[in-house]
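Geometric and topological summary
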There are 2 protein chains.
Amino acid sequence: MNEQAPVPPSEDLIARFAGIVGEANALRDGHDIAPYLVENRELYHGRTPVVLRPGTVDEVAAIMKLASETGTRVVPQGGNSGLVGAQTPDPSGTEIVIALGRLNRIREVDARGNVMVVEAGTVLATVQQAADEAGRMFPLSLGAEGSCQIGGNLSSNAGGTAVLAFGNMRSLCLGLEVVLPTGEIWNGLRKLKKDNTGYDLRDLFIGAEGTLGVITAATLKLFAKPKGHEVVFAGIDTPEVALTLFRLAEDLCGTSLTGFELMPRIGVEFTARHIEGVRDPLADPHPWYVLIDISSGQSPEAARSLVEHLFEAAYEDGLIRDAVVAESEQQKHDLWHMRESMSWAQKPEGGSIKHDVSVPVASIPTFLDRAGKAVLEAEPEARIVAFGHIGDGNIHYNISQPLGADKDAFLARWEEMNVIVHGIVMDLEGSISAEHGIGQMKREELARIRQPIEIDLMKRIKASFDPAGIMNPGKVL
Amino acid sequence: MNEQAPVPPSEDLIARFAGIVGEANALRDGHDIAPYLVENRELYHGRTPVVLRPGTVDEVAAIMKLASETGTRVVPQGGNSGLVGAQTPDPSGTEIVIALGRLNRIREVDARGNVMVVEAGTVLATVQQAADEAGRMFPLSLGAEGSCQIGGNLSSNAGGTAVLAFGNMRSLCLGLEVVLPTGEIWNGLRKLKKDNTGYDLRDLFIGAEGTLGVITAATLKLFAKPKGHEVVFAGIDTPEVALTLFRLAEDLCGTSLTGFELMPRIGVEFTARHIEGVRDPLADPHPWYVLIDISSGQSPEAARSLVEHLFEAAYEDGLIRDAVVAESEQQKHDLWHMRESMSWAQKPEGGSIKHDVSVPVASIPTFLDRAGKAVLEAEPEARIVAFGHIGDGNIHYNISQPLGADKDAFLARWEEMNVIVHGIVMDLEGSISAEHGIGQMKREELARIRQPIEIDLMKRIKASFDPAGIMNPGKVL
């Protein structure tokens, strides 16, 4: 598909698109459009003749119908917080952008049924809040939650810090409403926990990064709020110890273990140095740290009792060097804030080459050991900030530049570092994109690392859903 | 697809297929073949010239390659315990059967990594046992676990009694190995909890009932064994009370609530009357019953404490009329045995028209009320045995014939009762097949109840994966 060179839409055609959403919601002024053309890290810069901001599903359908009839390429965009360029138009100026932000109604909150139905443009924090106000919890939680939108969370199958207990976005969604490339609307907004009637279309659209259709609404699962919640921060010796401690915590707490994050000493130093309100809560430095989050559906006492049991066993086995238990909501927040700002804390330290990888959980110590040696062989002064969701096997393997080195020269080694880190990941049967997706960034690498038959099957699906190739072209495949 | 009339494979072609697996594993004798041609309920009777029993993935691939080249239609079959005829060849005698039972190696059990890799023909109970021996738990549990195979569990996205806490088969699988209709092998046996690299092929094959390829192996998730386990049986007034009690249990126990089943008085009577070892453990009769299963990762005391908390709150709110807590492993088994044999206990009572439906959890009382009235209007003497996984919104809505009525005359009303029950299900935005799938049984109904665009998308996927239409034709679509 996409064989013929794309042509920018004519003024007349743009006017027809604008007519669907109304002039006020068809942004054409460069200043208005600018925020939609680049993402936070400024890695991708696109161009577009028009950003359409539909307010209803029918408007999205009308846009896609016209796009389909005229062969116009379309890029759907949510909160523009994606990290792989999936939401950015290409630089040709031929692709129009559909920004979903006005499609932000919460259609229904059913506390008794433990479900809510929200439109794609609803900001994640708004969804969390609406669930909270209904006495329930929507567990998806990630750094960008104040700006990212549910449609983007779905399209990227978002992960975050609650995956351990609640799964990623795919696990949190019961149904979808999708506008297909033809403009047809699929109403799959089911509320069913069990439904074995035909192929799993829902999970195909989730994680497809807008290449198969435009997600316009979703049925989300809600959960009971925990009655007790504890946050523990502990200094440990090695990632191997972290893994042993994780298995111990999992055995003792079962599904009450709601978070288990690994952090290196350097990450704690960076956050304490650069992030407002963060300090190292332990008296002495330790090589590695874990953040343990425990929730009880029963009572605060039950949560505290789990922490005590865990400490007892962990100290007995000599796993923990020192630890602190948060004694207030503020302290809980501060400990999580340290972990969540770890990536940002690298910015004042200069250039950072980032990887979002996963390996089988049991292979994390091996991965960290091998990758550390290989990276330091290539650049002995590199400062490795490897942290993340150890219980999910997911490490954000970020490499800060040597102290005082030239930022651009270091960033020019992105590809070199990728090859090193991803090579070890693949050797350990891991993933080069655990939660951020493929987008533009890893498209060529995907084609290289996956089996040809896999890429072929994906292309067949793409071609059968979007034969004209107008739906977010150049992304994923 | 499948436009031309199918032709039975020639003797020569059958010999070539037999050559792949060896004569001993190519069953052609009518007596040997018979068990593969009909399922437990004897609703579907097929014919086939040969049943092939491959012992390796390469043999499966060779079979599919030859089938693809010769346009031979293939029906994959696991433990033959499916309830909708998905595993049965059609009566034309043109379809060959691949029986996966010899592909039954447990390739790996990784207790530390919490995963195991098993071949498709492994019996579910064998998988459970291997996990248990490694000190872990594989939670999928259903009536047929002594004979059903993992490949069939995957192809039907099996549910069962542990879905509430652990999800269905789709949630329990991390990766697949699949032989495609062309004979190509997709090795997707990943062990990753997070992997956002392209379309979700895995979930497309899961639940596809063998129409997109032959699943030959899978990576399965393992879990910590519970340290405490309690089973409660309680008499209650109405399904509405059951729902209130369910939400209370969910709030109090969180993910320690590992089972919540609803049963009617008549179901308890039938099992006590017909099933060895089952008796009503309560002194007086009650209109409805719930079976509550609670597990603690922490300790036996913690599980017991959850039960006590639940009882305290439930009695205070007047939800429970009477209850018993199992005091031994035998009693726990007996209570679950009552629930699991409820469908079988209908057999001695004559004909039974069965439905496997789901509705949004909050709609269960409404569904039972409306369906009960409608069925009794059509047949005032019908005996409705509606039981199931209330926490999943999944009810096995089975209707036993009137006492002393003619069995065949009653069963002849299957379609009539389907229309009544499924009509109400659809009106409540439910599913006509919560866990058993579509197979042959509900294929025409699927086309009727789903939106045309959904069926169209499924057909596009089918055509792009299996353009020759040789893969379990006539099933699902």
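Remember, it's a predicted structure, so these values are computed and weren't measured experimentally.

What counts as what
- Residues numbered from 1 in each chain as written.
- Chains lettered and ligands numbered in written order.
- Predicted model: local features only at pLDDT ≥ 70, side-chain atom pairs only at ≥ 80, totals over all residues.
- Heavy atoms only, no water.
- Pairing = 2+ DSSP bridges.
- Helix = DSSP H or I, 4+ residues; strand = E, 2+ residues; numbered from the N terminus.
- Contact = heavy atoms within 4.5 Å.
- Axes fitted to C-alpha atoms, helices over the stretch in contact; angles between N-to-C directions.
- Polar contact = N/O pair within 3.5 Å; in protein donor to acceptor, adjacent residues only side chain to side chain.
- Salt bridge = Lys/Arg side-chain N within 4 Å of Asp/Glu carboxyl O.
- Nonpolar A, V, L, I, M, F, W, Y, C, P; charged D, E, K, R; others polar.
- Buried < 20%, exposed > 50% of the residue type's maximum accessible area, 1.4 Å probe, protein only.
- Domains from an automatic or database assignment.
- Buried area = accessible area lost by both parts, 1.4 Å probe.
- Phe/Tyr/Trp six-rings, centres within 6.5 Å; stacked < 30°, edge-to-face > 60°.

The subject of this paragraph is the sheet that holds strand β1 (residues 26–27) of chain B. By way of backbone hydrogen bonds, the strands of a sheet pair with one another, either parallel or antiparallel. Residues and elements named next belong to chain B. The sheet built from four strands is open, its strands ordered β1-β2-β4-β3 with mixed pairing. Since the sheet does not close on itself, it has two edges, and those belong to β1 and β3 (74–77), each with one partner. Pairing geometry for β3 and strand β4 (residues 96–99), over four bridges, is parallel. Bridge pairing in β4 links P76 to I98. Most of the contacts of helix α3 (residues 57–70) go to β4, to which it runs at about 165°, and overall it touches β2 (51–52), β3 and β4.

All names here are of chain A. Positionally, Q346 belongs in the loop between α12 (329–340) and β16 (352–353). Side chain to side chain, Q346 and N398 meet in a polar contact 2.9 Å long. Not counting chain neighbours up to four residues away, the residues in contact with Q346 comprise F270, S352, K354, V385, F387, N398, I399 and S400.

Between chain B and chain A, the residue contacts involve 88 residues of the former and 87 residues of the latter. Residue B:R112 is joined to A:E240 by a salt bridge in which the shortest nitrogen-to-oxygen separation is 2.5 Å. Linking chain B with chain A are 46 residue pairs in polar contact (both at pLDDT 80 or more), by the criterion used here. Elements that contribute at least two residues to the side of chain B that touches chain A include exactly α6 (163–166), β9 (185–188), α8 (201–205), α9 (239–253), α11 (300–316) and α17 (452–465) of chain B. Considering each element in turn, the side of chain B that touches chain A owes the most residues, nine residues, to α17(B). By residue class, the composition of the side of chain B that touches chain A is 31 nonpolar, 33 polar and 24 charged.

Moving on, we come to unusual backbone geometry. All names here are of chain A. Despite not being glycine, N472 has its phi angle at roughly 45°, a positive value. Within the element layout of this structure, N472 appears in the segment after α17 (452–465). N472 sits in the buried class, given a relative accessible area of 1%.

Looking now at the domain arrangement of chain A. Residues and elements named next belong to chain A. Structurally, chain A comprises domain 1 (106–224), domain 2 (228–340) and domain 3 (350–434). Taking the mean C-alpha position of each, domain 1 and domain 2 sit 29 Å from one another. Tallying the contact residues gives six residues for domain 1 and nine residues for domain 2. Of the roughly 520 Å² buried where domain 1 meets domain 2, counting both sides, 67% is carbon and sulfur surface. Counting the surface domain 1 buries against domain 2, the share from its top three residues, T161, L164 and A165, is 82%. Seen at the junction of domain 1 and domain 2, the total is zero salt bridges. Taken together, the connections running from domain 1 to domain 2 amount to zero residue pairs in polar contact (both at pLDDT 80 or more). Across the side of domain 1 that touches domain 2, the residue classes tally to four nonpolar, two polar and no charged.

All names here are of chain A. The tally for this structure, following the rule as stated, stands at 14 aromatic pairs over all chains. The interplanar angle of 65° and the centroid separation of 4.9 Å between the aromatic rings of F166 and F223 together place this pair among those described as edge-to-face. Of this pair, F166 sits in helix α6 (residues 163–166) while F223 is found in strand β11 (residues 223–224), placing the two residues 57 residues apart along the sequence. A relative accessible area of 22% places F223 in the partly exposed class. Relative to Y315, the ring of F311 lies with its centre 5.8 Å away and its plane at 90°, an arrangement referred to as edge-to-face. Of the two residues, F311 and Y315 both sit in helix α11 (residues 300–316), four residues apart, roughly one turn of that helix. Judged by its relative accessible area of 40%, Y315 falls in the partly exposed class.

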